[in-house]
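Overview (structure and organization)
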Amino acid sequence: MNKKKVMIEGAMDLETELLIASLEQPRESMFGSWRFVEGMYKDIPLVVAVTSIGAANAAAATVLGIEHFQPDAVISQGTAGGHDPVLQAFDIVLGKKSFDASSYRTVKEEKADWRHMELMGAFAYDQHTGTFAPQAVYASGDEALLAAAHKAATGYTRGRVVDGCIASCNTWNRQQERLLYFHESFGSSCEEMEVHSAALICRQYAVPFLGIRIISNTEFSDEEFQPETATVCQKFVLNVVENIV
């Protein structure tokens, strides 16, 4: 039986080096400034995409990866800061949904209050109508990939694994009040920079997608970034890949 080809994305070398080292017969490609390494992992065909940081880079790399490698599924993984005060470093968030935390509209008022906002989502081309149409604010993670992640979670011992909501934006928020606002108002579990843009591209291509993020630090525990979390997350994602049917 043919194994599904999976493309695993990570923004930094820190978030992809273990994945690349795990590949047998690795073959490297460069498209523009985006690096892809294709190979086999336990008889499973994998493509590792080093996307670079940020939404624009993640979207571009996802398009290139889908066009060139034709994956059956895409997983965006890496580190994130906590929005949910309950979560601690090494806890893992499975992206049951995601949203763009930088796409919002504020109310008209003389005195600025960033809490008076509504999420806007994105516009995308609709092939059926031939027009650009507003998309749902939240993008859902693929249920089959979530099921594979739930199986992998049974063997994870470094922290909790929870279904959650990933907030993506090209910012690094450290204000506890703002973090709590996004968590309480929009349901966000954590914050990073790539998941939602990759999710939107995969939705356009009808490729199953899942975001997986490990908490690398949280302002609610006054933690600084912990690099080891990136390695732990990659190991978890390889276990997820083994459980994909």
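Residues numbered from 1 in each chain as written. Predicted model: local features only at pLDDT ≥ 70, side-chain atom pairs only at ≥ 80, totals over all residues. Heavy atoms only, no water.

Looking only at helices and strands, the protein has 6 helices and 14 strands in total. With the C-alpha coordinates of the protein rotated into their principal frame, the extents come out at 60 × 50 × 30 Å. A total of 245 residues make up the protein; the buried ones form 51% of that total. Taken as a whole, the protein presents about 11,700 Å² of accessible surface, with 51% of it coming from carbon and sulfur. (Helix = DSSP H or I, 4+ residues; strand = E, 2+ residues; numbered from the N terminus. Buried < 20%, exposed > 50% of the residue type's maximum accessible area, 1.4 Å probe, protein only. Areas by Shrake-Rupley, 256 points an atom, 1.4 Å probe, with all protein chains shown as cover.)

Let's shift gears to the pattern of salt bridges. Counted under the stated rule, the structure contains 14 salt bridges. Note that arginine 160 and aspartate 91 form a salt bridge whose closest N and O atoms lie 2.8 Å from each other. Of the two residues, arginine 160 is situated in the loop between α3 (143-153) and β12 (161-168) and aspartate 91 in the loop between β5 (73-82) and β6 (92-100); the sequence distance between them amounts to 69 residues. Note on arginine 160: relative accessible area 37%, which makes it partly exposed. The salt bridge involving arginine 105 is made with glutamate 118; its shortest N-O contact spans 3.2 Å. Here arginine 105, found in strand β7 (residues 104-106), pairs with glutamate 118, found in strand β8 (residues 117-119); they are 13 residues apart in sequence, far enough to count as distant. Take glutamate 118: its relative accessible area is 41%, and that puts it in the partly exposed class. One salt-bridge network, in which partners are shared between bridges, spans Lys5, Arg27 and Glu38. (Salt bridge = Lys/Arg side-chain N within 4 Å of Asp/Glu carboxyl O.)

What follows deals with a nonpolar patch on the surface. Where nonpolar side chains cluster on the molecular surface, the patch consists of Phe123, Tyr125 and Phe132 and spans about 390 Å² of accessible area. Topologically, tyrosine 125 is positioned in strand β9 (residues 123-126). (Patch = residues over 30% accessible without salt bridge, like charges linked within 9 Å, V, L, I, M, F, W, Y side chains within 5 Å.)

Joining two cysteines, a disulfide is a covalent bond between their sulfur atoms. Applying the stated criterion across every chain, the model contains 0 disulfides. Looking at cysteine 165, it has no disulfide partner, and the nearest cysteine sulfur is the one in cysteine 190, 8.3 Å off. (Disulfide = S-S within 2.5 Å.)

Sheet analysis places strand β2 (residues 24-31) next to strand β3 (residues 34-41), joined by 6 bridges and oriented antiparallel. Bridged to glutamate 24 within β3 is methionine 40. What sits between the antiparallel neighbours β2 and β3 is a turn of 2 residues, in which glycine 32 has the positive phi angle 65 degrees. (Pairing = 2+ DSSP bridges.)

Core analysis: the biggest nonpolar cluster contains 35 residues, and Leu46, Ile75, Ile212, Phe236 and Val240 have the highest contact counts within it. A total of 7 residues in this core trace back to one element, the largest contributor, which is helix α6 (residues 228-242). One finds Ile166, Cys190, Ile201 and Cys202 within the second-largest nonpolar core, a separate group that totals 24 residues. (Core = buried A, V, L, I, M, F, W, Y, C linked by side-chain atoms within 4.5 Å.)

Backbone geometry at lysine 42 places phi at a positive 50 degrees, although glycine is not the residue there. Relative to the elements of secondary structure, lysine 42 occurs in the loop between β3 and β4 (44-50). Phi angles above zero are rare outside glycine, and aspartate 43 is one such case at about 70 degrees. Note that aspartate 43 resides in the loop between β3 and β4.

Turning to helix α4 (residues 176-186), a few remarks are in order. All of the buried residues in α4 are Arg178, Leu179, Tyr181, Phe182 and Phe186. Looking straight down α4, one finds that the buried residues subtend no more than 160 degrees of arc, so they occupy a single side. Residues of α4 that are buried sit in contact with β5, β6, β8, β12 and β13 (190-192). Just downstream of α4 lies glycine 187, where phi reads positive at about 80 degrees. (Arc of directions from axis to C-beta. Contact = heavy atoms within 4.5 Å.)

Here is the key point about a regular strand: its side chains alternate between the two faces of the sheet. The element strand β1 (residues 6-10) is extensively covered by neighbouring structure, given that 5 of its 5 residues are classed as buried. As judged from the 5 bridges shared by β1 and β4, these two strands associate in the parallel manner. By the bridge assignment for β4, valine 6 is matched with leucine 46. Where β1 and β5 come together, 4 bridges link them in parallel fashion. Looking across to β5, one finds that valine 6 is bridged to alanine 73.

Remember that the coordinates give geometry; whether it matters functionally is a separate question.
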